[in-house]
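Next come the chains, spelled out residue by residue.
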Amino acid sequence: MEFGIGYFPTHDAVKPGAFARLIEERGHESLFFAEHTHIPAARESPFPGGAQLPRKYFHTYDLFVALTAAAAATSRLRVGSGICLVVEHDPITTAKEVASVDHLSGGRLEFGVGAGWNREEMSNHGTDPRTRMHLMRERIEAMKAIWTEDEASYHGEFVNFDRIWSWPKPAQRPHPPVLVGGNGPTVLDRVLAFGDAWFPNYARSGDLVERAEELRSRAERPIDFMVMGVPPDPAVLEELERAGAHRVVHWIPSVGLPGVEQALERWESAIAELTGGV
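Rules behind the numbers
- Residues numbered from 1 in each chain as written.
- Predicted model: local features only at pLDDT ≥ 70, side-chain atom pairs only at ≥ 80, totals over all residues.
- Heavy atoms only, no water.
- Helix = DSSP H or I, 4+ residues; strand = E, 2+ residues; numbered from the N terminus.
- Buried < 20%, exposed > 50% of the residue type's maximum accessible area, 1.4 Å probe, protein only.
- Contact = heavy atoms within 4.5 Å.
- Core = buried A, V, L, I, M, F, W, Y, C linked by side-chain atoms within 4.5 Å.
- Salt bridge = Lys/Arg side-chain N within 4 Å of Asp/Glu carboxyl O.

J.: How would you explain the environment of Gly112 if you had to name every residue and give the values?
T.: Summarising the element assignment, Gly112 is placed in strand β4 (residues 109-114). Gly112 sits in the buried class, given a relative accessible area of 0%. Between the C-alpha atom of Gly112 and that of Asp196, which follows or precedes it by 84 residues, the distance is 9.9 Å. With residues up to four places along the chain from it excluded, the contact list for Gly112 reads Ser81, Ile83, Cys84 and Leu179.

And the structure:
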């Protein structure tokens with residue numbers, strides 16, 4: 001089982017490049033950046049994590065700028081989106097951004113995707129919240145065509161384009177892993193349809209182990225199980241390891257270096273207790 005870090009790369013905390021370099025130096029396998037393009041001031045959508053929305057949600061750097069900084073500052077660390085809200089992005093532009101980061105990093109990008117929870121946010125991008133899951137599937141399918149075909153075309157209900165040229169292609173073949181986030185009742189259908197892994201949030205589901213087993217029983221191809229938001233608890237880590245988790249990711253707060261290091265030490269202590277390390 002691999003151990004990764006999640007982080008909201010805000011402008012008033014440790015910067016993305018410096019944070020990534022620190023994570024790599026401390027021996028972690030991967031780093032995932034959260035994304036919100038903005039937060040509507042008149043937000044009505046309830047925050048799944050509680051009543052008060054943390055300020056880090058509306059203080060983040062652009063996702064792909066932050067990923068580029070992280071990739072440039074490291075040489076081994078896998079860098080990823082945790083998650084990219086693809087229903088708020090043009091698929092042709094996003095395909096170019098994903099391919100560019102993957103190519104520049106030498107094939108180290110993990111592409112976590114989701115439709116999001118903030119209906120006002122996605123509406124500001126012209127997305128109808130009622131059809132966002134269908135839109136997400138079409139955009140990801142279209143991006144896969146762009147990554148893998150010299151002359152890509154796609155014709156769907158929401159995404160339509162005739163033959164296009166777009167380089168560079170990703171360094172990873174056929175493309176970076178697509179990690180499907182979400183804990184909803186139909187998320188496994190989406191994972192099976194277009195994902196390389198299921199990437200749920202630990203805090204938002206009490207039946208992850210059972211659903212991971214369901215995913216394995218339904219899959220006709222290899223699909224990984226990874227978990228975001230895992231607490232620094234050796235018992236939880238052991239449970240997820242037994243459940244076959246390929247990677248577990250722990251959120252680190254968006255603060256200055258002393259607070260970051262303290263949080264990392266708690267996570268690393270839990271890992272050491274699980275693995276028998278020092």
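From this point, the narrative continues.
J.: Just give me the short version of the nonpolar core, but keep the residues and values in it.
T.: If you look at the biggest cluster of nonpolar residues, it comprises 71 residues, and the most contacted ones within it are Phe19, Leu31 and Phe111. Tallying contributions element by element places helix α5 (residues 132-148) first for this core, with eight residues. Apart from residues no more than four positions distant in its own chain, Phe19 is found in contact with Ile5, Tyr7, Val14, Leu31, Ile252 and Val260.

J.: Could you give me a rundown of the pattern of salt bridges, with the residues and numbers involved?
T.: Throughout the structure, instances matching the rule amount to twelve salt bridges. We note a salt bridge from Glu110 to Arg78, for which the minimum N-O separation is 2.5 Å. Taken together, the positions of Glu110 in strand β4 and Arg78 in strand β3 (residues 78-85) put the pair 32 residues apart, joining distant regions of the chain. Side by side, Glu110 and Arg78 carry an identical accessibility label, which is buried. Arg130 is the partner of Asp128 in a salt bridge, and the nearest nitrogen-oxygen pair spans 2.8 Å. You can call Asp128 partly exposed: its relative accessible area is 27%. In this structure, a network of salt bridges that share partners links the residues Glu29, Arg78, Glu110 and Arg247.

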